[in-house]
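Here's the letter readout for the chains.
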Amino acid sequence: MYKYAKDGVSLSSVLDTRRAKKNGLYPVKIQVIHKRIQRYYSTGKELSEEEWARLSRTHSRKLIEIRSDLAGSFDRIKRAIQELLDRDAFSFEALNRLLGRCSETLNAFFTHRIETLRSEQRIGNMLWYSNVLKAIERFSSGPVPIESITVHWLRRYEQFLRTEQKSAVTISMHLRAIRAILNEARRTGRLRDTHYPFGKGKFEIQEGEGRKIALNIKQIEQIVHYSDGSRMTAFYRDLWLFIYLCNGINVADLIKLKFSNIVDGEVCFVRQKTEHTTRKRREIRAALTEEMRAILQRWGNPAEENNYLFPFLNGDETAVELKSKTQNLTRCINRRMHRIGQALGIGNISTYTARHSFATILKQRGANITYISESLGHNDLKTTACYLACFEKEERLRNACLLTDFNR
């Protein structure tokens, strides 16, 4: 479809029909020939033979986008070849270096980010970026040049995640990770603004709508009074209640709390999740209620300043061990709370339910959304609004019913 030749170097866009992919499509590549040696450069596009045949004259919106992206990939390689020929320095090694094929790939950027997070002992983020990279590798047949990340590529990747039955929230998190990588590439000058695919009029990440997982105050009361006679059930129930009362604290933060975090009758802490991502260190304060004191009295360590509140850590854990203990504790709480939820007819209950319930019940009782946002440690009100979305819908339905409630 696209062809160019100069000084013994030719390049053309081709449909590589040597081997079909699992979906029955073939990859579109840029073929470069020099001294009878052929090299193929990925465009990140896949088409059927029929689509390829009508690509140049199509009126299909999807194929027009692919044709535009293909033209961009072709022109990028063409410019690099022209630059090398003008310097009489063409070789495939020089072309690869100029294109950044050896290192300027999405895979390489992810690998670098993962290693950086590992060195900073930010294990949770490291594991998440590793998961996204694995998904990208499942989706793509090889390394993905950052300039081939187009609107069309992102849409195909989004659809791929749907076929893997990923939730809308998970998909948006994948796409935000890719956007963060491309933001860094653009900031350092390794991705041109013209190749940046995100933004208004380009690819916009759809936020996953929050699930209705918050409990009401009556259900919280049922949990408080629930007992099956098991000491372990009581233990994990109380930990869940402590999370709920302590501003919906994450387990990663709960497990690290010490008695030195209690200041003037309040539990003070900084969220691990945002500790490295915000310019200003934001401290969260949660009132230490009588119910929380009673839980500490039953299950906590001796009240000494350097002691952890709860007996899960010894202080010598590596970052990986700390992450492992956090995950294990979360699983134990969730497993036991799931049983409680089933017994009470409430449904599935998790540590995340505690966090959502904290926010929603405060909103139902008239608390200001700014206060709720600060208590949760959110950076903006939009995040808090996602937590409260289901409550807002219920409130609208109740208010709508008032319009025809003639008995009031």
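What you see is a predicted model, and the numbers here were worked out from it, not measured in a lab. (Residues numbered from 1 in each chain as written. Predicted model: local features only at pLDDT ≥ 70, side-chain atom pairs only at ≥ 80, totals over all residues. Heavy atoms only, no water.)

A.B. asks: Hey, could you go over the overall build of the protein chain for me, with residue numbers and the actual values?
C.D. replies: What the protein chain contains, in helices and strands, is 15 helices and seven strands. Evaluated residue by residue, the protein chain yields a buried proportion of 44% over its 408 residues. Sequence-distant contacts in the protein chain: of pairs separated by 6 or more residues, those separated by 24 or more amount to 57%. Surface exposure of the protein chain reaches about 22900 Å², of which carbon and sulfur atoms provide 47%. (Helix = DSSP H or I, 4+ residues; strand = E, 2+ residues; numbered from the N terminus. Buried < 20%, exposed > 50% of the residue type's maximum accessible area, 1.4 Å probe, protein only. Contact = heavy atoms within 4.5 Å. Areas by Shrake-Rupley, 256 points an atom, 1.4 Å probe, with all protein chains shown as cover.)

A.B. asks: Account for the packing of helix H9 (residues 231-245) against helix H12 (residues 319-344), with residues named and values stated.
C.D. replies: One way to put it is that H9 packs onto H12 with a least axis distance of 9 Å and a crossing angle of 105°. It follows that H9 is roughly perpendicular to H12 by the angle criterion. In this structure, H9 uses Met 232, Thr 233, Tyr 236, Arg 237, Leu 239, Trp 240 and Ile 243 to contact H12, whose residues at the interface are Leu 329, Cys 332, Ile 333, Arg 336, Met 337 and Ile 340. Residue classes in the contact of H9 with H12 are distributed as 10 nonpolar, one polar and two charged. (Axes fitted to C-alpha atoms, helices over the stretch in contact; angles between N-to-C directions. Parallel < 35°, antiparallel > 145°, perpendicular 65-115°, else oblique. Nonpolar A, V, L, I, M, F, W, Y, C, P; charged D, E, K, R; others polar.)

A.B. asks: Describe the side chain of Thr 58, listing the residues and the values that go with them.
C.D. replies: In this fold, Thr 58 is placed in the loop between helix H1 (49-53) and helix H2 (61-86). Thr 58 sits in the buried class, given a relative accessible area of 6%. At 3.0 Å, the side chain of Thr 58 and the backbone nitrogen of Ser 60 are in polar contact. Apart from residues lying up to four places away in sequence, Thr 58 is in contact with Leu 63, Ile 64 and Arg 67. (Polar contact = N/O pair within 3.5 Å; in protein donor to acceptor, adjacent residues only side chain to side chain.)

A.B. asks: Outline the pairing of strand S2 (residues 9-15), listing residues and values.
C.D. replies: Counting buried positions along S2 gives six out of seven residues, so the element sits mostly inside the fold. The turn linking strand S1 (residues 3-6) back onto S2 is made up of two residues, and Asp 7 within it adopts a positive phi angle of 50°. Alignment of S2 against strand S3 (residues 26-34), held across seven bridges, turns out to be antiparallel. Bridge pairing in S3 places Val 14 opposite Lys 29. (Pairing = 2+ DSSP bridges.)

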